[in-house]
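Analysis of the macromolecular model
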Amino acid sequence: MRLPNEPEPPFQINIVPMIDVIFAILTFFIMSTLFLTRSEGLPVNLPEASRSEKQVSNQLVVTIDQSGKLALNRQPIQLDGLIAEVQSRALTEQQPVVVINADEAVSHGQVIAVMDRLRAIEGVRLAIATQRP
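Summary of the structure given here. This structure is a prediction, so every number in the text was calculated from the model and none was measured. (Residues numbered from 1 in each chain as written. Predicted model: local features only at pLDDT ≥ 70, side-chain atom pairs only at ≥ 80, totals over all residues. Heavy atoms only, no water.)

This next bit is on the nonpolar core. I64, V86 and L118 are the most contacted members of the largest nonpolar core, which totals 19 residues. Broken down by secondary-structure element, the contributors of at least two residues to this core are β1 (59-64), β2 (70-72), α2 (79-92), β4 (97-102) and α3 (108-119). Not counting residues up to four positions away in its chain, the partners in contact with L118 are I83, V86, V98, I100, V124 and L126. Counting six residues, the second-largest nonpolar core is a separate cluster that includes V44, L46, V97 and A129. (Core = buried A, V, L, I, M, F, W, Y, C linked by side-chain atoms within 4.5 Å. Buried < 20%, exposed > 50% of the residue type's maximum accessible area, 1.4 Å probe, protein only. Helix = DSSP H or I, 4+ residues; strand = E, 2+ residues; numbered from the N terminus. Contact = heavy atoms within 4.5 Å.)

In C-alpha cells form, the structure reads like this:
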C-alpha cells in the first residue's frame, strides 16, 4: 500500500523576526549614544544669546553656580586655587580656552571679578557659555 505523494510546501524565508532584531539593535544604539554626550560644567541656567558660536579646543570650564561657588571642570575650587591651576595649565598647553559657565542669577560683578583675574594670565583665551533660545 502506497500513500500518494504529498506536495512539499515551498520554502519561505520569514523576515519578521529579523526585522524585530534589527529594530532592537537600532534602539540600543540610539539610546546608548544619548548617554555618551560629554558635559564638563555643572548644571546652571545659562543666559541666552542668538549669535553664540561653539568653541573647539583645549577647554577649561569654570562654573559659577547660583550661590557664587566656583568649580573648575566640575571640581569645587577657590578663586586663588583657580588662578594657580589655570596658570599651570597655560604653561603646559598652547592657549587654553577658559569657558565661563555662569548662572544667570549670579551677580555681574562676581563674573567680571573672575574674568578680570583670568585675563591677567598670559596666553589664556576667555569664552562665555550661553544657550540658544
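Take unusual backbone geometry next. For N73, which is not a glycine, the phi torsion comes out positive at approximately 50°. Of note in the backbone geometry, R74 takes a positive phi value of approximately 70° without being a glycine. For R74, a relative accessible area of 40% gives the class partly exposed.

On to the pattern of salt bridges, then. It is possible for side chains of opposite charge to pair when their charged atoms get near one another. Inspection of the entire model under this criterion finds two salt bridges. One salt bridge in this structure joins E85 and R89, with 3.0 Å as the shortest N-O distance. Of the two residues, E85 and R89 are both situated in helix α2; the distance of four residues between them amounts to about one turn of the helix. Since its relative accessible area comes to 25%, R89 is described here as partly exposed. (Salt bridge = Lys/Arg side-chain N within 4 Å of Asp/Glu carboxyl O.)

On to the sheet that holds β1, then. Across the sheet, which stays open at both edges, the five strands sit in the order β3-β2-β1-β4-β5 with mixed pairing between neighbours. Here the strands that pair on one side only, and so sit at the sheet edges, are β3 (75-76) and β5 (125-128). Examined bridge by bridge, β1 and β2 share three bridges and lie antiparallel to one another. Looking at β2, one finds that V62 is bridged to L72. Here α2 sits on the sheet and contacts β1, β2 and β4; the angle it forms with β2, its principal contact strand, is near 20°. The sheet contacts of α3 involve β1, β2, β4 and β5, and relative to β4 the element is tilted by about 170°. (Pairing = 2+ DSSP bridges. Axes fitted to C-alpha atoms, helices over the stretch in contact; angles between N-to-C directions.)

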